[in-house]
Amino acid sequence: MMELLEVNHLRVAFSEGNKDYCAVNDISFTLGEKEVLGIVGESGCGKSITAQTLVGIQHPKAKILSGSVKLRGKELLHQTEDEWSKIRGKEISMIFQEPMTALNPLMSVGRQIQEVLWVHGLAKEKNQKEITLKMMEDVGLRDVEELYNSYPHELSGGMRQRIMIAMALIANPKMLIADEPTTALDATIQAQILRLFNRMKEAYEGSVIFISHDLEVVASICHRVIVMYAGRIVEIGSADELLSHPCHPYTFGLLRAIPSYKMRGKRLYNIPGTLPPLAERNFTGCPFCDRCEKKMKICFEVFPKPFERGNRTVYCHLFGEENHG
Ligand code: SF4
């Protein structure tokens, strides 16, 4: 069966002077129909650039070096802005971390949601407002008639994020990308929005890519999780497997850094060191070698081949042929 999304050997770089630095380095993955796939990693590991590439938004200094991104077999890379405007909102939608930067401050929130229907000609004009109000109710907003005429600055952060979710889902797109959708919210609202995601994913017919720096959050709503580090995918597995048996030392470190009841009173683990800046990364060996407590000589010289077992893929020399021959 054809996957909904197929990403193959994607490389995206930032140019500085006459040099290119790979921020997304040779990543490949698939997204199934109705699958919820998480991408997790520290800030700067390439998650958001991956997401932006999938939705055709590019930083002015970023450029796609190679690879392919296919949605139901149709190549998405190198589409014109005109073509993207037909795809965005209708086939692929995105929810951003800070809705205030994505919403138009001069247009009422109801009109902004309704505009998605209008732009893509998705319903008769006389029905569009009714569909919009229903969508607003579906994402847990109350007094929607009144709210329809409100402006983004009049709403709380949680309500604005619900408006973004309504906008993203109203056209029932094939794929929704949520880029750190709860990070800017306080803990209580964060929990409410996560509950909403969990509820909506049952009703929604498309697939979701959910991006976060928080492995526990990602694992709570995703079927499968990709762990990224320094522009590379380092591990892919089912959410359950990854939480119960992390293989890659970086995934293991992320898990140990999650506060848990068992750890109460103990100092939280911190992965030693920091993510190296783009210009100082090891682009030939394992990008995690400077911080890894299990590194070997080969780790500095060769990027590990994928080690596959069942649904798990790990890029680490600890699992290479020389150790499992
Ligand atoms: Fe550590 Fe080497 Fe595995 Fe990288 S490849 S995570 S440095 S053991």
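Just so you know, the residues in each chain are numbered from 1, in the order the chain's sequence is written. A pLDDT threshold of at least 70 governs which residues receive local features in this predicted model, and a stricter bar of 80 or more applies before side-chain atom pairs are shown or counted, although totals over entire chains, interfaces and linings include all residues. With hydrogens and water excluded, all non-hydrogen atoms of the structure serve as input to the side-chain values.

1. Here's the deal with the overall build of the protein
Every helix listed is a DSSP run of H or I at least four residues long, and every strand listed is a run of E at least two residues long, numbered separately from the N terminus. Check the secondary structure of the protein and you find 13 helices and 12 strands. We compute the radius of gyration over the C-alpha atoms and compare it with the globule rule, which gives 2.2 Å times the number of residues raised to the power 0.38. In terms of overall size, the protein behaves like a compact globule, its C-alpha atoms giving a radius of gyration of 21 Å where 325 residues would be expected to give roughly 20 Å. For the protein, the C-alpha atoms occupy an extent of roughly 65 × 50 × 40 Å along the three principal directions. Scored against the burial criterion, the 325 residues of the protein give a buried share of 50%. By definition, residues are in contact when any of their heavy atoms lie within 4.5 Å. Counting contacts in the protein only where the partners sit at least 6 residues apart, residues at least 24 apart contribute 64% of the total. Of the accessible surface of the protein, which amounts to about 16,300 Å², a share of 51% is contributed by carbon and sulfur atoms. Note on charges: Lys and Arg go in the positive column, Asp and Glu in the negative column, and His and the chain ends are not counted at all. Taken as the charge centre is NZ of Lys, CZ of Arg, CG of Asp or CD of Glu, depending on the residue. Charge centroids of the protein, computed over 39 positive and 40 negative side chains, lie 3 Å from each other. Here's how the labels work: a residue is buried when its accessible area is under 20% of the maximum for its type, exposed when over 50%, partly exposed in between, all with a 1.4 Å probe on protein chains only. We get accessible surface area from the Shrake-Rupley algorithm with a probe of 1.4 Å; when it comes to residues, only the shown protein chains can shield them.

2. Thoughts on the sheet that holds strand β11 (residues 306-309)
Whether two strands pair depends on DSSP finding at least two bridges between them. Taken together, the 8 strands give an open sheet; going across it, the order is β6-β7-β8-β3-β9-β10-β12-β11, and neighbouring strands pair in mixed fashion. Each end of this open sheet is capped by a strand with a single partner; those strands are β6 (92-95) and β11. Adjacent strand axes in the sheet meet at a mean angle of 20 degrees, parallel and antiparallel pairs treated alike. Across 4 bridges, strand β3 (residues 36-40) lies against strand β9 (residues 224-229) in parallel orientation. Bridge pairing links L37 to R224 in β9. With axes taken as lines fitted to C-alpha atoms, and helix axes fitted only over the stretch in contact, angles between N-to-C directions fall between 0 and 180 degrees. In the packing of helix α7 (residues 157-169) onto the sheet, the strands contacted are β6 and β7 (175-179), and the crossing angle to β6 comes to about 175 degrees.

3. Comments concerning helix α4 (residues 109-119)
Buried within α4 are the following residues: V109, G110, Q112, I113, Q114, V116 and L117. For α4, the secondary structure elements touched by its buried residues are α5 (125-138), α6 (144-148) and α7. Positive backbone phi, at 55 degrees, marks G121, one or two positions downstream of α4.

4. Structural notes on unusual backbone geometry
Although it is not a glycine, H9 sits at a positive phi angle of roughly 50 degrees. With a relative accessible area of 48%, H9 lands in the partly exposed category. Phi is positive for H78, which is not a glycine, with a value near 65 degrees. Along the chain, the position of H78 falls in the loop between β5 (74-75) and α2 (81-87). The class for H78 is exposed, based on a relative accessible area of 66%.

5. Details of the sheet that holds strand β4 (residues 62-71)
Adjacent strands of a sheet form backbone hydrogen bonds with each other and so pair up, either parallel or antiparallel. Read from one edge of the open sheet, 4 strands run β2-β1-β4-β5, paired in antiparallel fashion. Two strands close off the open sheet at either side, each with one partner strand: β2 (19-31) and β5.

6. Re the site of the ligand
Neighbouring residues are identified by heavy atoms, a residue being near a molecule or strand if any of them is within 4 Å of it. Near the ligand you find 13 residues, and of these C286, C292, C299, C316 and H317 are the closest. Charged means Asp, Glu, Lys or Arg here, nonpolar means Ala, Val, Leu, Ile, Met, Phe, Trp, Tyr, Cys or Pro, and polar covers whatever is left, Gly included. Among the residues making up the shell around the ligand, the classes are represented as 9 nonpolar, 2 polar and 2 charged.

7. A word on the packing of α4 against α7
At their nearest, the axes of α4 and α7 sit 8 Å apart, and the two run at 20 degrees to each other. If you check the angle between α4 and α7, you find them roughly parallel. Of the two elements, α4 crosses α7, and the hand of that crossing is right-handed. Facing α4, whose interface residues are V109, Q112, I113 and V116, α7 presents I163, A166 and M167. The residue inventory of the contact of α4 with α7, partitioned by class, reads 6 nonpolar, 1 polar and no charged. The cut-offs work like this: below 35 degrees is roughly parallel, past 145 is roughly antiparallel, 65 to 115 is roughly perpendicular, and the gaps in between are oblique. Take the far helix as the reference: if the near one is turned anticlockwise from it by less than a right angle, the crossing is left-handed, and if turned clockwise, right-handed.

8. Quick look at the side chain of Q161
Looking at the element boundaries, Q161 is found in helix α7. In this structure, Q161 is in contact with I95, F96, Q97, P99, P181, L185 and I193, ignoring residues within four places of it in sequence.

9. Side note on the packing of aromatic side chains
Two aromatic rings, drawn from Phe, Tyr or Trp (for Trp, its six-membered ring), form a pair once their centres lie within 6.5 Å of each other, and the interplanar angle then sorts them: stacked below 30 degrees, edge-to-face above 60, tilted otherwise. Counting across every chain of the model gives 6 aromatic pairs. Through successive ring pairs, a cluster of aromatic residues spans Y229, Y250 and F288. For a Lys NZ or an Arg CZ to count as sitting over a ring, it must be within 6 Å of the ring centre and within 35 degrees of the ring normal. A cation over an aromatic ring shows up here: K129 above the ring of Y148, its NZ or CZ 4.4 Å from the ring centre. Seen from the ring of F303, R232 lies directly overhead, with NZ or CZ sitting 3.7 Å from the centre.

10. Remarks on the packing of α4 against α5
To describe two helices that pack against each other, one gives the angle between their axes and the distance between the axes. Relative to each other, α4 and α5 sit at 125 degrees, their axes nearing to 9 Å. As judged from the angle between their axes, α4 and α5 are oblique. With respect to the hand of their crossing, α4 and α5 are arranged in right-handed fashion. The segment α4 lies against α5, with G110, I113, Q114, L117 and W118 engaging E125, Q128, K129, I131, T132 and M136. Residue composition of the contact of α4 with α5, by class: 5 nonpolar, 4 polar and 2 charged.

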